[in-house]
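# Notes for the structure review
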Amino acid sequence: MSRPTQSQSPLAPIGINAALAAAADPSIVPRPKIFDEFALTDRVAVVSGANGGLGLEMAIAICEAGARVAYCIDLAAQPSAEWTASRDFVQKLGNNSRLEYISADVRDQTGLWAKVEEVADKEGRMDVCVAAAGILKEHTNCLDYPASQFKEVLDVNTSGVLFTAQAAGRQMAKFGNGGSIILIASMSGSITNRDHAWVSYNTSKSAVLQMARSMACELGPQKIRINSLSPGHIYTNMTAAYLDKQPHLLDKWSSMNPLGRLGRPDELRGVVTWLASDASTFCTGSDIIVSGGHHSW
């Protein structure tokens, strides 16, 4: 019985097949391809929540991996000094990558769709989306949680993530080249943070996990992959603002995972690059947890 036809890596032959090809043809000069699999050469990305924090860190990583451009979407009318320094840094990398800034509200579905369509038409493609915009509110008892605050969190953390994924996915579908969409969830979507009354945040992130699975099943035939990424406690500007008011939480949070510390934003660079690249072409509908082992206790 003949074997069924299988898909091939864009870099084929690789791995064992490359070894067999080299054995059959002595003129072949073997070379490593693993870094080529992670490369994002000439790809176009959009990253929401990228005026700073995790979003900006991920946008820089995408550029370092060779993307033509990472469009950074955030609410501020003008980018931060941190973003400007990052843009200048990327320009100096020497790989022709660049960061661009777009002021947009992820809660505005039609407005966001239009702005992402504009940049996709300008670049002639859309390959990667990271939906990283999110907010966290103060500790609030679930029985007294005000409707307006609950809606505010879900509007950004859930609806905003959907609208961002839609904006990029619509362009990926239009160009027909597939793509990778990464929804930034949280370990708080699958566990409850002990002693923290964050019912809105936890609910919003849990919704993102199911959103990724649902979209992955719908868009798989179009070669558009959707995965979620669930960070644990990461020291960012958002969490720093929370921790600065309650310094004792730094030690508490650090003690809640086997590594005994908070994560750094740069520790998400590798997994984002992997999800965005051809190194993860059989990964869709998955949630990747990067929590220092918080779930493992």
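Residues numbered from 1 in each chain as written. Predicted model: local features only at pLDDT ≥ 70, side-chain atom pairs only at ≥ 80, totals over all residues. Heavy atoms only, no water.

## Section: the overall build of the protein chain
From N to C terminus, the protein chain includes ten helices and seven strands. For the protein chain, the spread of C-alpha atoms along the three principal axes comes to 70 × 45 × 45 Å. Within the protein chain, the fraction of its 297 residues that count as buried is 45%. In the protein chain, the proportion of contacts linking residues at least 24 apart, taken out of those at least 6 apart, comes to 76%. Distance between charge centroids for the protein chain: 3 Å, based on 26 positive and 29 negative side chains. (Helix = DSSP H or I, 4+ residues; strand = E, 2+ residues; numbered from the N terminus. Buried < 20%, exposed > 50% of the residue type's maximum accessible area, 1.4 Å probe, protein only. Contact = heavy atoms within 4.5 Å. Lys, Arg positive; Asp, Glu negative; His and termini not counted. Charge placed at Lys NZ, Arg CZ, Asp CG, Glu CD.)

## Quick look at the side chain of Arg43
Tracing the sequence through the fold places Arg43 in the loop between helix H2 (34-38) and strand E1 (44-48). A relative accessible area of 17% means that Arg43 is categorised as buried. Polar contacts involving the side chain of Arg43 include one to the side chain of Asp278, which spans 2.8 Å. With near-sequence residues (within four places) excluded, Arg43 lies in contact with Ala67, Arg68, Val69, Arg125, Asp127, Ala276, Ser277 and Asp278. (Polar contact = N/O pair within 3.5 Å; in protein donor to acceptor, adjacent residues only side chain to side chain.)

## Description of the side chain of Asn193
Considering the arrangement of structural elements, one finds Asn193 in the loop between strand E5 (179-184) and helix H7 (199-219). Look past the residues within four positions of Asn193 in its chain and what remains in contact with it is Met187, Ser188, Trp198, Asn202 and His233.

## Here's the deal with the environment of Asn141
Mapping Asn141 onto the fold places it in the loop between strand E4 (128-131) and helix H6 (147-175). Taking the relative accessible area as the measure of exposure, Asn141 reaches 40% and is therefore partly exposed. When the C-alpha atoms of Asn141 and Ala197 are compared, they prove to be 5.7 Å apart, with 56 residues separating the residues in sequence.

## Quick look at the sheet that holds E4
The sheet built from seven strands is open, its strands ordered E3-E2-E1-E4-E5-E6-E7 with parallel pairing. Two strands in the sheet have a free side with no partner beyond their single neighbour: strand E3 (98-103) and strand E7 (287-290). Across this sheet, the average inter-strand angle for adjacent strands is 20°, counted without regard to direction. Docked against the sheet, helix H4 (residues 81-91) engages strand E2 (69-74) and E3, running at close to 150° with respect to E3. (Pairing = 2+ DSSP bridges. Axes fitted to C-alpha atoms, helices over the stretch in contact; angles between N-to-C directions.)

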